[in-house]
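Okay, here's what each chain looks like letter by letter:
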Amino acid sequence: MCYPLLYQYLMSISLSLTEQLRRFSSGDRNIADAVFREVLPRLREVAVRQLQRERYAAPYCPSELINEAWLKSLRHGGWQIRDREHFYAIAGLVMRQVL
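Keep in mind the model is a prediction, meaning the values are calculated, not measured.

## Brief notes about the packing of helix α2 (residues 17-25) against helix α3 (residues 32-53)
Between α2 and α3, the least distance of the axes is 10 Å, while the angle of their chain directions is 135 degrees. Overall, the two elements α2 and α3 adopt an arrangement that is oblique. In the crossing of α2 with α3, the sense of the turn from one axis to the other is left-handed. For the pair α2 and α3, the contacting residues are Leu-17, Gln-20, Leu-21 and Phe-24 in the first and Ala-32, Ala-34, Val-35, Glu-38 and Val-39 in the second.

Here you go:
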């Protein structure tokens, strides 16, 4: 049996992001941290864009918005993610719901 951190490391170096996202969306919780580290820079871009689109000042900075979206919805999976662009589209929708 692999230890969780070793499993995450092995998965992150051997699988493409799309494959990691597919495993994550199909219920593999051991890969969640590796996925989060991989997608974080792009999620920050999505969060900045979402905050700029808000008409009224939102009480969030990009990091807080990412954390809220990840903890409320994205982290739990259950999404049928086709590829990385689909994941970022879902992330944008979740962020808009948070705002």
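## A word on the pattern of salt bridges
Evaluation of the coordinates by the stated rule reveals two salt bridges. Arg-23 is paired through a salt bridge with Glu-19; the nearest N and O atoms lie 3.6 Å apart. Separated by four residues within a single helix, Arg-23 and Glu-19 lie in helix α2, roughly one turn from each other. In this structure Arg-23 comes out as partly exposed when scored by relative accessible area, which is 30%. The exposure class of Glu-19 is partly exposed, given its relative accessible area of 28%.

## A closer look at the packing of aromatic side chains
One pass over the structure, following the stated rule, counts three aromatic pairs. Connected via pairs of aromatic rings, a cluster forms that spans Phe-24, Phe-36 and Trp-70. Geometry around Tyr-88 places Arg-42 over its ring, the cationic atom sitting 4.3 Å from the centre.

## Let's talk about the packing of α3 against helix α4 (residues 62-72)
At a closest axis distance of 9 Å, the pairing of α3 and α4 adopts a crossing angle of 125 degrees. With respect to their mutual orientation, α3 and α4 come out oblique. For the pair α3 and α4, the crossing hand works out as right-handed. Taking contact as the criterion, the partners of Ala-32, Phe-36, Leu-40, Leu-43, Arg-44, Ala-47, Val-48, Gln-50 and Leu-51 in α3 are, on α4, Pro-62, Ser-63, Leu-65, Ile-66, Asn-67 and Trp-70. Here the residues of the contact of α3 with α4 are counted per class, giving 11 nonpolar, three polar and one charged.

## Some thoughts on α3
When the local axis directions of α3 are compared, the greatest deviation, roughly 55 degrees, occurs at Leu-40, which is followed within four positions by the proline Pro-41. Turning to α3, its buried residues are Ala-32, Ala-34, Val-35, Phe-36, Val-39, Leu-43, Val-46, Ala-47, Gln-50 and Leu-51.

## Here we look at the nonpolar core
Across soluble globular proteins, nonpolar side chains have a tendency to be buried as a group. Counting residues in each nonpolar core, the largest one holds 27 residues, and the members touching the most others are Val-39, Leu-43, Leu-74, Phe-87 and Met-95. Looking at this core, the element that brings in the most residues is α3, giving nine residues. Excluding its chain neighbours within four sequence positions, the residues that come into contact with Val-39 are Leu-17, Phe-87 and Tyr-88.

## Here's the deal with the confidence of the model for the protein
Predicted coordinates in areas of low pLDDT are best not read in detail. Of the residues in the protein, 80% reach a pLDDT of 70 or more, and the chain-wide mean stands at 79. The element-level mean pLDDT for the protein is lowest in helix α1 (residues 4-14), coming to 56, with helix α5 (residues 84-98) highest at 89.

So, how was this worked out
- Residues numbered from 1 in each chain as written.
- Predicted model: local features only at pLDDT ≥ 70, side-chain atom pairs only at ≥ 80, totals over all residues.
- Heavy atoms only, no water.
- Axes fitted to C-alpha atoms, helices over the stretch in contact; angles between N-to-C directions.
- Helix = DSSP H or I, 4+ residues; strand = E, 2+ residues; numbered from the N terminus.
- Parallel < 35°, antiparallel > 145°, perpendicular 65-115°, else oblique.
- Left-handed = near helix turned anticlockwise from the far one by under 90°.
- Contact = heavy atoms within 4.5 Å.
- Salt bridge = Lys/Arg side-chain N within 4 Å of Asp/Glu carboxyl O.
- Buried < 20%, exposed > 50% of the residue type's maximum accessible area, 1.4 Å probe, protein only.
- Phe/Tyr/Trp six-rings, centres within 6.5 Å; stacked < 30°, edge-to-face > 60°.
- Lys NZ or Arg CZ within 6 Å of the ring centre and 35° of its normal.
- Nonpolar A, V, L, I, M, F, W, Y, C, P; charged D, E, K, R; others polar.
- Bend = angle between axes of the 7 residues up to and from the residue.
- Core = buried A, V, L, I, M, F, W, Y, C linked by side-chain atoms within 4.5 Å.
- pLDDT = per-residue confidence, 0-100.

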